[in-house]
Amino acid sequence: METKTKVKATQIQAKPLHISGAEAVVRCLLAEGADLIYGYPGGAIMPVYDELYKFQDQLHHVLTRHEQGATHAAQGFARTSGKVGVAIATSGPGATNLVTGIADAQIDSTPMVCITGQVASHLLGSDAFQETDIIGISTPVTKWNYQITKASEIPEIMAKAFYIARSGRPGPVLIDITKDAQFDTFDFTYEKCTGIRSYAPYPKLSSTDLEQALELIDQAEKPFVVWGQGVILGNAEEEFKTFLETSGIPAAWTILGLSALSTDHPSNRGMVGMHGNYAPNLLTNECDLLIAIGMRFDDRVTGDLNTYAKQAKIIHLELDPAEINKNVTVDVTLHADCKISLQELNKRIKPKTYPDWIARFDALDKIEYDKVIKSDLLPKKEGLTMGESVEMINKHSKNDAVIVTDVGQHQMVACRYAKFSQSKSNVTSGGLGTMGFALPAAIGAKMGAPHREVVAVIGDGGYQMTIQELGTIYQQQIAVKIVVLNNDFLGMVRQWQQLFFDKRYASTEMVNPDFVTIAQGFRIKAKRVKKREELDAAVKEMMASKEPYFLEVCVEKEDNVFPMIPSGASVSDIRLE
């Protein structure tokens, strides 16, 4: 447990109110602009829930069907709204059920504040009913955590929690509050946190490093940009677009960077990584300058580090010092908010063209289209493919929907083929790869962007991990569109078993329930598609609906996702079949 740190603050409320700790929690949330939270009540958090009842006209609480659903919904809300997501649960199993979502938010840099109830302070360490050391459990997967045992601590710690969650590289914070601290009363005032001693979330850009970066860019003949979610988190989409258009440098995205630049932009050359596009993966090992913007050189992007971009000079635009030279040693680091770094680069970058280099991308794109994309989107086989299903969603959403994906083959296909015209449109579990993410995350995504269409694209395996959140969708009447691409397999695991384990399909074939009947049981309109001639009309009907809608698309059972870089192989070893 971290000791309290003195905070700088701006006074919000001068006149004290003598209130309970539980009421203080609610007032702190409102002061931070958190008028929507997700959670599940229980004994140790009941005093806070009693206050939520009293403040329900100001703060909307969404009762999820599982605490994990609450964290994923809070993540989805944060990803589309740009605000801090909030989840709340009781002690013991309620708190531990939050951990998967917290870990997911930590590795994917999602701002979230989780509040858990705890047994009374005099019972701590006694193995009391529903007592769990959630501080110890969550320490490795939170940006910061703290256990409150006195009501008077609540305002300062809550202010600090929101500041830490949203500042710098965002992440999840957990605040554990004992039951007696919720009942006790004190004189309440609230001060928003604006800074913490020894915590510098926004480092100053070095002019020397900037000069070195500009020199490398000017000298490069085959430069290449790989961008990640840092562009979105830094609200740097416009600066990034200007940089690409001015510099003329081709660019590709990591899975979390998708939608920062429209998919039809001429500088956008597709996705890097294990199931990314052929050209950007191969040419990573041919470029003479690699410019990495707001990405962390994840192993799914780099493959074998011993062969990754060894021929290239590397510039890394990165905010988090922990990511600098962690996996890949770089030549120049622009250690600052990428929005600032890009603004400074844009002031001095020289316009340039690279016709031969761009032609190399074009030639490889044609090879991938002929060998992979054509059969994914224009299949001759009788069965439906995941690719044509995603393409149909593009058609009827006019490339403007938020696409929320789970984890597996459908995720890779959706990221490869979904088309986006604006940022914050791709919501997926990237670093942790959490099956069960999509359905609750789609709830939060829709509530974070109620004016946009939100389509959850899910596999039949991951769907069943959080299928109970259909109850949340029905109770809240959240107009999400749910598409289950059903191949009756744990498809990605099956693909690996086919390619690397001699088709020994150990525990991957699914005997699935009637998904349509289940959706109808939650009073959600539902339809099943098995034939190609049914798909267009079904997706059109789904997208036109103003209510929640479930669509099951029965796809080929043993289709594989290509291109593919085998685990641990070089990006140059990318396979097209």
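As a reminder, the structure under discussion sits directly above these lines.
In this convention, every chain numbers its residues from 1, walking through the sequence in written order. Note on the predicted model: pLDDT of at least 70 is required for a residue's local features to be given, and 80 or more for side-chain atom pairs to be given and counted; whole-chain, interface and lining totals, by contrast, use all residues. In computing side-chain values, all of the structure's heavy atoms are included and hydrogens and water are not.

Chemist: Could you clarify how one ought to interpret the pattern of salt bridges in this entry?
Modeler: When charged atoms on two side chains of opposite charge get close, those side chains can pair. One speaks of a salt bridge when a side-chain nitrogen belonging to Lys or Arg is within 4 Å of a carboxyl oxygen belonging to Asp or Glu. Counted under the stated rule, the structure contains 31 salt bridges. Across the salt bridge formed by arginine 269 and aspartate 362, the nearest N and O atoms sit 2.6 Å from each other. Here the residue arginine 269 occupies a position in strand S13 (residues 268-271), and aspartate 362 occupies one in helix H15 (residues 355-377), the gap between them amounting to 93 residues. With relative accessibility at 12%, the residue arginine 269 sits in the buried group. Note that lysine 326 is salt-bridged to glutamate 323, the shortest N-O span being 3.0 Å. Here's how the labels work: a residue is buried when its accessible area is under 20% of the maximum for its type, exposed when over 50%, partly exposed in between, all with a 1.4 Å probe on protein chains only. For lysine 326, a relative accessible area of 43% puts it in the partly exposed group. A relative accessible area of 7% means that glutamate 323 is categorised as buried. Connected via shared salt-bridge partners are Arg169, Asp320, Glu323 and Lys326. The helix count covers DSSP runs of H or I at least four residues long, the strand count covers runs of E at least two residues long, and both are numbered beginning at the N terminus.

Chemist: Quick question: what am I supposed to make of the sheet that holds strand S6 (residues 112-118) here?
Modeler: Backbone hydrogen bonds hold the strands of a sheet together, and the pairing may be parallel or antiparallel. Two strands are said to pair when DSSP picks up at least two bridges between them. The six strands lie next to each other as S4-S3-S5-S6-S8-S7, forming an open sheet whose pairing is parallel. Every interior strand has two partners, whereas the edge strands, strand S4 (60-63) and strand S7 (144-148), have only one. The sheet shows a mean angle of 20° between the axes of neighbouring strands, taken without regard to direction. We call two residues in contact when some of their heavy atoms are within 4.5 Å. Lines fitted to C-alpha atoms define the axes here, with helix axes fitted over just the stretch in contact, and angles between the N-to-C directions of these axes take values from 0 to 180 degrees. Those strands touched by helix H3 (residues 67-81) are strand S3 (36-39), strand S5 (85-89) and S6, and its axis lies near 170° from that of S5. Contacts between helix H7 (residues 154-166) and the sheet are confined to S5, S6, S7 and strand S8 (172-178), with S7 contributing the most and set at about 165° to the helix.

Chemist: Whenever I open this one, the side chain of threonine 254 confuses me. Can you help?
Modeler: Tracing the chain through its elements places threonine 254 in the loop between strand S12 (251-253) and S13. Taking the relative accessible area as the measure of exposure, threonine 254 reaches 10% and is therefore buried.

Chemist: What is the right way to look at the nonpolar core in this model?
Modeler: Looking at soluble globular proteins, one finds that nonpolar side chains tend to be buried together. Membership of the largest hydrophobic core comes to 100 residues, with the highest contact counts inside it found for Phe243, Ile291, Ile293 and Ile315. Considering each element in turn, this core owes the most residues, six residues, to H15. Each nonpolar core is a collection of buried residues, namely Ala, Val, Leu, Ile, Met, Phe, Trp, Tyr and Cys, held together in the definition by side-chain atoms within 4.5 Å. If you look at the next biggest cluster of nonpolar residues, it comprises 48 residues, including Tyr38, Ala105, Ile443 and Val454.

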